[in-house]
Amino acid sequence: MNGLAIMRDLVSRPSGAIGLGIVLFHIIIAVIGPAIAPYDYADQDVDAILQAPSAAHWFGTDRLGRDVFTRTLLGGREAMMISTASTIIALVWGAALGIVVALVGGRLDEMVMRCADALMSIPWILIVMIFVAALGTGTTALVPVLGFSYGLSVIYLARSAALDFVTRDFILAARARGERRRTIIFQELLPNVRDSLAVQGAMQWSWIILAVSSLSFLGMGVAPPAPDWGLMISDARGVMASAPWTAIWPMLALSSLIIGLNLAVDSLAKVLGVDRVQRSPVP
Amino acid sequence: MLRLIFRRVGSALFTLVFIAVVVFSCLELMPGDACTAFLGREGKGTALENCRERMRLNRPAPERFFEWAGGVLKGDLGTSMQRQKPITEIVGWRLRNTVVLAAAAAMIGIPIAIFLGFLCGLYRDRPFDLAVSATAIFAMTIPEFVSATILILVFSVTLGWTAGVVTAGYKAPILQLLASTVLPVATLSLILTAHILRMVRSSVIDVMGSDFVLMARLKGVPFRQIVLRHVLPNSLLPAISVIGLTVAWLLGGVVIVESVFNYPGLGRLAVDAVSDRDLPLVQAIALLLGAIYIITNLAADLLALFLNPRLRTHRA
């Protein structure tokens, strides 16, 4: 199936169309956000602290007098960028390792999977926290760390997807022909596990966005005063009783993006006929 | 049977050792060490030397690893840099608090999840199932800190039923602690319920479609009896190991939920330790949470092994 046919099939399903619509909306906002934002995200208006939504400030202002609308518009950019980079890293190293161990099997397979099992049993957030404690906060450090820890679940997926094929006749034939391992991986296995990887990649993207927001919420991700949904929600905690709008808008933005992504990924999985959709990062 | 148990326990021990090595070497491979992280900009010259001397960082890594690991086996987790106290002392009460929180969430969440999941599986695709499943997917999709904040907004800010943050001290007696922990427990059990409910639901659907249920139906066994005698036990068995796995989420989620509600547990301690850049403390907490996860998983697997004879013959 080519890209256009997949797209057409995807939007013909209600949940696919809605999900894709929400995700596209968020991506467009992220791209054009800086151009349409009415204020500067760090501008503090001391005369307008914690103001309710009004014509001047559509979503109100936060405890430093910053415009919540502007910050909500821009709040997903950094998380999405980090997530994109980390997802690529996770997919590349996870898929490479997963496919190779599926093909080679035996001792190597056993060893790699044991190690992956053990690493998976440390909650991801602790792995990240160890790194953040040692390297200090900073979003550049987050990309490799998240890419590494989220690659673990890609190994499982790529391995089990590839295992469905390694015993098939066409792989046997390729082996009998004396094809090199690299050829088998790139020419025979990769095209067959591509769909599973695409679905997993889209899912990973949403988990990593969640992870970045959670880390920002804990003060370990995006550094203030940069706008980020997680950071905004964390900021709003002390003033929630008097100014609930400071929390509601970023929560709405983040939740809608994640829900949209989930809807879109579910439909994508159905379109591609992939039945291995991991609903959560927990195996 | 005995061999299976030994193998399972053996692999748990292997995982535990592996985690210790990973946690330790993660920090070794990083630029800088506990002292440079802790001292920050002042980390040069004699201050750095003194600190390294005091923390005994001047020796080769393997030697320090065995000293650390040996200490852990004897119940000594090292010394916190920021707090200048033995970590075991700092961690003790907070470990209890986290276990109390997680156990309360599990005790509320698991029965509700099994009950709702079972009904959803039986009445698949009816309005009840659609409503519950949609809510569950929503609850497991949105991040923990958002669901926690929503609960605070609704029950604390709007309705004023309970406090938005935990006010009990970290040494408070369990009952007093639980009394001020309604919202954290609710957040955790909500998400826990969502995860387990989905598993139980699909497991019930599987069993309902199996040959032995069809056979029982054709034989004319009353529906009630089919459900209670055949479907219930067979669909709950696979759920046991899933419940064990959900603990992985629970432990990661605990870090965030504890921070939202200012709950005096291990998770918030970990966050504080990271912002203080107190590496020995972070290390110890990571090891502890990893150990809790492994033990819970081991217990769930062994329980499944005892309850489900089929697992004993299959290669598990």
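1. Remarks on the interface of chain B and chain A
- Opposite the 48 residues of chain B that make contact, chain A presents 41 residues.
- Note on chain B versus chain A: buried area summed over both sides is about 3800 Å², and carbon and sulfur give 84% of it.
- On inspection of chain B and its partner chain A, the count reaches 0 salt bridges.
- If you list the elements that add at least two residues to the side of chain B that touches chain A, you get helix H1 (2-29), helix H6 (127-141), helix H7 (144-158), helix H9 (182-208), helix H11 (223-261), helix H12 (266-275) and helix H13 (279-307) of chain B.
- Split into classes, the residues belonging to the side of chain B that touches chain A amount to 37 nonpolar, 8 polar and 3 charged.

2. Examining the domain arrangement of chain B
All names here are of chain B.
- Per the domain assignment, the segments making up chain B are domain 1 (14-73) and domain 2 (93-315).
- If you look at the interface, domain 1 gives 14 residues, while domain 2 gives 10 residues.
- When the buried area of domain 1 at its contact with domain 2 is split by residue, Leu16, Leu27 and Ala37 rank highest and sum to 38% of it.
- Linking domain 1 to domain 2 there are 0 salt bridges.
- Linking domain 1 with domain 2 are 0 residue pairs in polar contact (both at pLDDT 80 or more), by the criterion used here.
- At the level of secondary structure, the elements contributing two or more residues to the side of domain 1 that touches domain 2 comprise H1, helix H2 (34-39) and helix H4 (61-73).
- Among the elements that line the side of domain 1 that touches domain 2, the one with the most residues is H1, at 7 residues.
- Grouping the amino acids of the side of domain 1 that touches domain 2 by side-chain chemistry returns 12 nonpolar, 1 polar and 1 charged.

3. What to know about the pattern of salt bridges
Residue and element names in this part refer to chain B.
- Per the counting criterion, the structure on display carries 11 salt bridges over all chains.
- Across the pair Asp129 and Arg201 runs a salt bridge whose closest N-O atoms are separated by 2.9 Å. Of this pair, Asp129 sits in helix H6 while Arg201 is found in helix H9, placing the two residues 72 residues apart along the sequence.
- You can call Arg201 buried: its relative accessible area is 13%.
- Each of Arg124, Asp125, Asp129 and Arg201 takes part in a single network of salt bridges with overlapping partners.

4. Some details on a nonpolar patch on the surface
- On the surface, Leu24, Ile27, Ile28, Val31, Ile32 and Ile36 of chain A cluster together into a nonpolar patch covering about 520 Å² of accessible area.
- On the basis of relative accessible area, Leu24 of chain A is assigned to the partly exposed category, the value being 46%.

5. Topic: the side chain of Ser259 of chain B
- Among the structural elements, Ser259 of chain B can be located in helix H11.
- Polar contacts involving the side chain of Ser259 of chain B include one to the main-chain carbonyl oxygen of Val255 of chain B, which spans 2.8 Å.
- Beyond its immediate stretch of four places on either side in the chain, Ser259 of chain B contacts Leu218 and Arg237 of chain A together with Arg268 and Val271 of chain B.

Criteria and cut-off values
Residues numbered from 1 in each chain as written. Chains lettered and ligands numbered in written order. Predicted model: local features only at pLDDT ≥ 70, side-chain atom pairs only at ≥ 80, totals over all residues. Heavy atoms only, no water. Contact = heavy atoms within 4.5 Å. Buried area = accessible area lost by both parts, 1.4 Å probe. Salt bridge = Lys/Arg side-chain N within 4 Å of Asp/Glu carboxyl O. Helix = DSSP H or I, 4+ residues; strand = E, 2+ residues; numbered from the N terminus. Nonpolar A, V, L, I, M, F, W, Y, C, P; charged D, E, K, R; others polar. Domains from an automatic or database assignment. Polar contact = N/O pair within 3.5 Å; in protein donor to acceptor, adjacent residues only side chain to side chain. Buried < 20%, exposed > 50% of the residue type's maximum accessible area, 1.4 Å probe, protein only. Patch = residues over 30% accessible without salt bridge, like charges linked within 9 Å, V, L, I, M, F, W, Y side chains within 5 Å. Areas by Shrake-Rupley, 256 points an atom, 1.4 Å probe, with all protein chains shown as cover.

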